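One-letter residues, chain by chain:
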Amino acid sequence: MDTKLDPSRDDLPLMANTSHMLVRHYTLDLDVDVESHVIEGTTVLFLEDENSLKKRTRSTQETCQLEAEEACRLRTPEPCRVPMTSARSFSCKVGCSDFATFGKGEKDPSAKDGNHDNQEQASGISSSKYCCDTEHHGREDFLLVLDCCDLSVLKVEEVDVAAVPGIEKLTRSPKLTGVCEELRNEIVGELVTLPAHHWREQLDYYALCSRAPGCGELFFDTDAWSLRIRKTGAQTAMDFPHAIRIWYKTKPEGQSVTWTSDQSGRPCVYTMGSPINNRALFPCQEPPVAMSTWQATVRAAASFVVLMSGENSAKPTPLREGCLSWHYYVTMPMPASTFTVAVGCWTEIKPETCSSNDLATAGPLPPSATDSRSVGICGHMEYPCRFQNTSATTQELIPHRVFAPVCLRGVCQETLVRLLPPCLSAAHSVLGTHPFSRLDILIVPANFPSLGMASPHIIFLSQSTLTGWSLCGTRLCHEIAHSWFGLAIGARDWTEEWLSEGFATHLEDIIWAEAQQLSSHEAQEQQELRACLRWHRLQDELQNSPEEMQVLRPSKEKTGHVSDSGASVVRHGLNPDKMFMQVHYLKGYFLLRFLARRLGDEAYFSFLRKFVYTFHGQLILSQNFLQMLLENIPEENRLELSVENIFQDWLESSGIPKLLQQERRRRAGAECALARRVGTEVAKWTRANRRPRRRKRGEQEDVFEKLLPDQLVLLLEHLLEEKTLRPRTLQSLQRTYCLHEQDAEEGSR
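All values reported here derive from a predicted model rather than from experimental measurement. (Residues numbered from 1 in each chain as written. Predicted model: local features only at pLDDT ≥ 70, side-chain atom pairs only at ≥ 80, totals over all residues. Heavy atoms only, no water.)

Some remarks on the overall build of the chain
Per the secondary structure count, the chain includes 19 helices and 24 strands. A buried classification covers 58% of the 749 residues belonging to the chain. Taking contacts inside the chain between residues at least 6 apart in sequence as the whole, the part at least 24 apart equals 76%. Counting every atom, the chain has about 32,000 Å² of accessible surface; 49% of that belongs to carbon and sulfur. (Helix = DSSP H or I, 4+ residues; strand = E, 2+ residues; numbered from the N terminus. Buried < 20%, exposed > 50% of the residue type's maximum accessible area, 1.4 Å probe, protein only. Contact = heavy atoms within 4.5 Å. Areas by Shrake-Rupley, 256 points an atom, 1.4 Å probe, with all protein chains shown as cover.)

Here it is as C-alpha cells:
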C-alpha cells in the first residue's frame, strides 16, 4: 500500500491495490436477517494478477490489430476506435498501462503476523503488524488490499478449485495430481478468460468453484477502510492464491446498507451505493478500474422478495420451511459500486389492461446470441455484448417490471406503469441499443434520500415521483439515461460526476419530449422552459455553496491518476454537503446544451450514438468525450473551442462559466412563450402582494392563468426572490394552484 495515503475528513479513500491484482468475478452467498439487521455469508473472489493480464493483453493486441486491419480492408462503417486513455479496456491499445511495475510485494510497517477478526480499533487503524518471513531471506509477503468498512470479517481461506470435478478441462494437465498453487492459479486464469460465447459454462464453473473446499486459511487484518490479506511465502501477486473465500457479517450501522420499513410498515433493507459505495456490504475493490462480473445467491424469509442488479429475472427456490433462495448474475463487467440489492415485501405492479406493455412479458434475449452481421469492433474487454447482437439493436422495449409496497399499487398503475413503455422506447429512439437486457423499477421506502438511483438492470425511485405525471416522467427518463451514461459508460475518476449526471440531466428533456411525442416546436418550448428553471437553480446553488465544491474537475491535471498500488482518494467524497448539491448536474447540463447548439441538435445526437457505440463497456475521462466531439464540429463553428479552454472555463473553475454568462445575456428578453407567460403571472402576483388589503374603488381583481407543472415551479422560483410574501398572498397561491396536491418539485418550493 501507499503508506503516505492520508485522506482528510471529506475525502473518500479507495484503498484496493488494483495495480497488482484485479477481482474478475465475485460469487456471493448470503443470508438476510431483517430482525437482527445483519447480512451474513461468504464471498469468493476470482483474481487475476498483473503479469497474467499483461501476457493476455499482448495477445489481444495482436488479435485486435488483425481485426482492425480486416475491418479497414472491408471498409466497415464502424471501424475499431479504442482510445489510449480508456481505463480497463483490454483491447487493441489499452490494458497494461493501468498496472504499475511490481516487484517483491508491498511494504506495510503497520501489520504483524496472525489472523485477526474485524475488532473495533481505538485509533481506527489496526495495531497488528505483519512481520518478515526470515525463511525467505527477509523478503515480505504480498498483501492483497480490499476496500472494507463496517464489516466483521470472520475467516479468509484459499479455495481448492482443483477439487471441482471436470475442472481439468481448463488446464493443460490431463490429470490433476500433486496439485500445487501454480496449478490452482492456472485454473482460475483459464476460467476468467473463457471467451464470451462460453458465458454460461463460465458462470457454472464459478458456482462450482465457489463451493469447493478450502485448502488453507490466510492471514488477514483490518483497519478503518480496508481488509488486508496475505499468504506466508507468497511474495508476488503471481504467487498469491487467485481464488479466496471470505466469511463475514455486515454491521447494522454500516453506511452501505439501509435497514428500514416500507410505506406499509413492513421491514426491508436496500443498498444505497453511497457515500461509501458497497464496502460495508462485502469486501471488494472500489476503484472504478476494477470492473468485474458477479453472481449472488441470497436467502431470506419466504414473505420477502429479493431484487438485484442482475441480467436474469430470478425466480425463488424454496429451501427449508419459510425460506426462499434467489439467484442473480451479470456477464457484463462493471465496477463493484454498481452492485445493488433490495429485500422487502415488494409486490409486482402489473398494468390493469393489455397494451404495448405486453412486450414486457417477452423473455430477454440470451446474451450469447451474437450476430455476425453486426459491424464494427467493440473497444471493451470481451463479454456477451448487446451492441453486437442484431436483435438487441432493434429491441425498442426491453422486458421490465415495477415493484412497490402494496399500499402504492394504485398510484403506480396510474403513473409509473403507464409511463415506463413510452420512456424506454423513447430512450432507444434517442440513444440506440439498450445496454442492458431487462429492467426492474422499485419504489423504495420514504427515507430514500433522493428522487432516484440507477444501477444495472434496476432503478430505485422515490415515492415522491409518483405525485405528478411530469415529475415521474422526467425522473424516469433521467434514470433510464444512466443506463448509457453512468453504467454502460462510466467515469474513470469518480470526481468527474458530470459525465454521468450532466448527461442524464441533458438527456432527460430529450427523451421525455420523445416519449410525449411532442412536435419539434413543442419540444423546444418545453426544453427552453426547463433551461430557465435550471438557470435559476444554478445561480442559487453557486451563491450558497463554497467555491471549492463548485468545480467539476477538482483534481485538474491529476484527474484519473492513482498511486503505484492503485489506491486513490475521491475529493470531497465524504463531505456531507456534497449529497445536497446539484452543481455536477447543472453545469454539466449547460455545457452539453452549449456544445449541442454549436454542433446542431441533429448532428449532436447522431454523434452521441456514435460515441456510445465507441465507448460502451469502458471507463472514460472528460477529454475522451470532448476530443471526439470537437473532431465532429466543423472548423467554422468551433470559434477557438478546445479541450483546454473547456477545461479552464467549464470544468476547473468555480462560478458560472463565461460562455454561459454571455449566452444568457444574449438571450435576455428572448424567453420562450411558456417562460414569458410565467413572467406575466409573476407580475400579477407581485402587484397583488404589494397591494393594500382594501382595493381602490373600481380596481379589478387579477385573474390568474392555469400553468403547466414546470411553469408553476418557475413561478414559485421567482416569488421566492421577493423579500416578503404576505399571508393572504400565500393563501391565495394555495387556493389558485392547489399547491397541497402538486408534486414534490412544487412542494419543496
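Details of the nonpolar core
Residues Ile 229, Phe 485, Tyr 604 and Phe 625 are the most contacted members of the largest nonpolar core, which totals 153 residues. Ignoring any residue separated from it by four or fewer positions in sequence, one finds Tyr 604 in contact with Phe 503, His 506, Leu 592, Ala 596, Leu 599, Phe 625 and Leu 629. (Core = buried A, V, L, I, M, F, W, Y, C linked by side-chain atoms within 4.5 Å.)

Let's talk about the packing of helix H6 (residues 416-431) against helix H7 (residues 469-481)
For any two helices packed against each other, the geometry comes down to the angle between their axes and how far apart the axes lie. Where H6 meets H7, the axes come as close as 10 Å, and the angle between the chain directions of the two elements is 45°. Compared by their axis directions, H6 and H7 come out oblique. Crossing angle aside, the handedness with which H6 passes H7 is right-handed. Residues Leu 416, Arg 418, Leu 419, Leu 420, Cys 423, Leu 424 and Ala 427 of H6 form the contact with H7, whose own contacting residues are Trp 469, Cys 472, Gly 473, Leu 476, Cys 477 and Ile 480. Of the residues in the contact of H6 with H7, the class split is eleven nonpolar, one polar and one charged. (Axes fitted to C-alpha atoms, helices over the stretch in contact; angles between N-to-C directions. Parallel < 35°, antiparallel > 145°, perpendicular 65-115°, else oblique. Left-handed = near helix turned anticlockwise from the far one by under 90°. Nonpolar A, V, L, I, M, F, W, Y, C, P; charged D, E, K, R; others polar.)

What to know about helix H9 (residues 520-543)
Along its 24 residues, H9 runs 34 Å from first to last C-alpha, staying within 8% of the 34 Å computed at 1.5 Å per residue. With 17 of 24 residues buried, H9 is to be regarded as a mostly interior element. (Expected span 1.5 Å × (residues − 1).)

Notes on the pairing of strand E16 (residues 341-344)
Burial along E16 is two-sided: the face carrying Val 341 and Val 343 and the face carrying Ala 342 and Gly 344 are both buried. Note: strand E11 (residues 267-271) against E16, two bridges, orientation antiparallel. In the sheet register, Tyr 270 faces E16, and the bridge partner there is Ala 342. Bridge count between strand E13 (residues 305-308) and E16: four bridges; the pairing is antiparallel. Of the residues in E16, the one forming a bridge with Leu 307 is Ala 342. (Pairing = 2+ DSSP bridges.)

So, empty space enclosed by the protein
Space left empty within the atom packing is revealed by a probe, the size of a water molecule, rolled over the atoms. Evaluation of the coordinates by the stated rule reveals five cavities of 30 Å³ or more. Ile 398, Phe 436, Arg 438, Leu 439 and Ser 483 are the residues nearest the centre of the largest cavity, which is lined by 16 residues in total. Those elements that provide at least two residues to the lining of the largest cavity are strand E20 (452-455), strand E21 (458-461) and H7. Of the residues assigned to the lining of the largest cavity, the class counts are ten nonpolar, four polar and two charged. (1 Å grid on protein atoms, 1.4 Å probe; cavity = no way out; pocket = protein on both sides within 12 Å on 5 of 7 lines; lining within 4 Å. Points joined across faces, edges and corners; volume = space filled by probe spheres on them.)

Some remarks on the environment of Phe 607
Here Phe 607 shows up in helix H11 (residues 601-615). Residue class for Phe 607 comes out buried when judged on its relative accessible area of 3%. Measuring from C-alpha to C-alpha, the distance between Phe 607 and Leu 629 comes to 7.4 Å, with 22 residues separating the pair along the chain.

A short note on the pattern of salt bridges
For side chains of opposite charge, pairing can occur when their charged atoms come near one another. This structure, assessed with the given rule, holds 29 salt bridges. One salt bridge connects Glu 157 with Arg 245, and the closest N-O pair in it is separated by 2.5 Å. In this pair, Glu 157 is assigned in strand E5 (residues 151-159) and Arg 245 in strand E9 (residues 243-250), connecting sequence segments 88 residues apart. Residue Glu 157 is classed as buried on the basis of its relative accessible area, which comes to 9%. (Salt bridge = Lys/Arg side-chain N within 4 Å of Asp/Glu carboxyl O.)

With respect to the side chain of Gln 295
Its location among the elements puts Gln 295 in strand E12 (residues 291-301). Its relative accessible area of 3% is what places Gln 295 among the buried residues. Setting aside residues no more than four positions away along its own chain, Gln 295 makes contact with His 25, Tyr 26, Thr 27, Leu 28, Leu 203, Tyr 206, Ala 207, His 327, Tyr 328 and Tyr 329.

What about the sheet that holds E21?
A sheet is described by the order of its strands in space; here five strands give the open sequence E17-E18-E19-E21-E20, paired in mixed fashion. Each of the sheet's edge strands pairs with one partner strand only, and the pair in question is strand E17 (347-348) and E20. Relative to E21, strand E19 (residues 439-443) is paired through four bridges, and the arrangement is parallel. Directly across from Asp 440, in E21, lies its bridge partner Ile 458. Its contacts with the sheet put H7 on E19, E20 and E21, and the angle it makes with E21 is roughly 145°.

Regarding the packing of aromatic side chains
Scanning all chains against the criterion turns up 25 aromatic pairs. An angle of 25° between the planes, with centres 5.9 Å apart, marks the rings of Trp 498 and Phe 503 as stacked. The class of Trp 498 is buried, set by a relative accessible area of 0%. Note on Trp 685 and Phe 704: the rings are 3.8 Å apart at their centroids and 10° apart in plane angle, and the pair reads as stacked. Linking Trp 685 in helix H16 (residues 673-690) with Phe 704 in the loop between H16 and helix H17 (709-719), this pair joins segments that are 19 residues apart in sequence. The rings of Phe 485, Trp 498, Phe 503, Tyr 604, Phe 605, Phe 607, Phe 611, Phe 615 and Phe 625 are connected pair by pair, giving a single aromatic cluster. Lying across the ring of Phe 219, Arg 230 places its NZ or CZ 4.5 Å from the centre. Sitting over the face of the ring of Tyr 589, Arg 534 holds its NZ or CZ atom 4.4 Å from the ring centroid. (Phe/Tyr/Trp six-rings, centres within 6.5 Å; stacked < 30°, edge-to-face > 60°. Lys NZ or Arg CZ within 6 Å of the ring centre and 35° of its normal.)

Thoughts on the state of the cysteines
Overall, the coordinates contain zero disulfides when judged by the stated rule. No disulfide involves Cys 423; its sulfur sits 3.6 Å from that of Cys 477, the nearest cysteine. What makes Cys 423 buried here is its relative accessible area of 0%. (Disulfide = S-S within 2.5 Å.)

A closer look at the side chain of Asn 278
Following the sequence through the fold, Asn 278 ends up in the loop between E11 and E12. Residue class for Asn 278 comes out buried when judged on its relative accessible area of 0%. Reaching out from Asn 278, the side chain makes a polar contact with the backbone oxygen of Phe 339 at a distance of 2.8 Å. Sequence-distant contacts of Asn 278, defined by excluding residues within four places in its chain, comprise Ser 256, Thr 271, Cys 284, Glu 286, Ala 336, Ser 337, Thr 338 and Phe 339. (Polar contact = N/O pair within 3.5 Å; in protein donor to acceptor, adjacent residues only side chain to side chain.)

Examining unusual backbone geometry
The phi torsion at His 37 lies on the positive side, around 60°, for a residue other than glycine. Relative to the helices and strands, His 37 resides in the loop between strand E2 (21-33) and strand E3 (38-49). Assessed through its relative accessible area of 33%, His 37 is described here as partly exposed.

Comments concerning the packing of H16 against H17
The N-to-C vectors of H16 and H17 enclose an angle of 45°; their axes lie 9 Å apart at closest approach. When the axis of H16 is compared with that of H17, the two are oblique. Viewed along their axes, H16 and H17 form a crossing whose handedness is right-handed. Along its contact with H16, which presents Leu 674, Ala 675, Arg 677, Val 678, Glu 681, Val 682 and Trp 685, the element H17 presents Gln 711, Leu 714, Leu 715, His 718 and Leu 719. Among the residues making up the contact of H16 with H17, the classes are represented as eight nonpolar, two polar and two charged.

A closer look at helix H18 (residues 727-737)
Residues of H18 that are buried include every one of Thr 729, Ser 732, Leu 733 and Tyr 737, and no others. Within H18, the buried residues cover an arc of 105° as seen down the axis, which keeps them to one side. Looking at H18, the residues exposed on the side facing more than 90 degrees away from the buried face are Pro 727 and Arg 735. Packing partners of the buried residues in H18 comprise H16 and H17. Where H18 terminates, the next one or two residues include Cys 738, which has phi positive at roughly 50°. (Arc of directions from axis to C-beta.)

The quantities given are spatial measurements derived from coordinates; they are silent on function.
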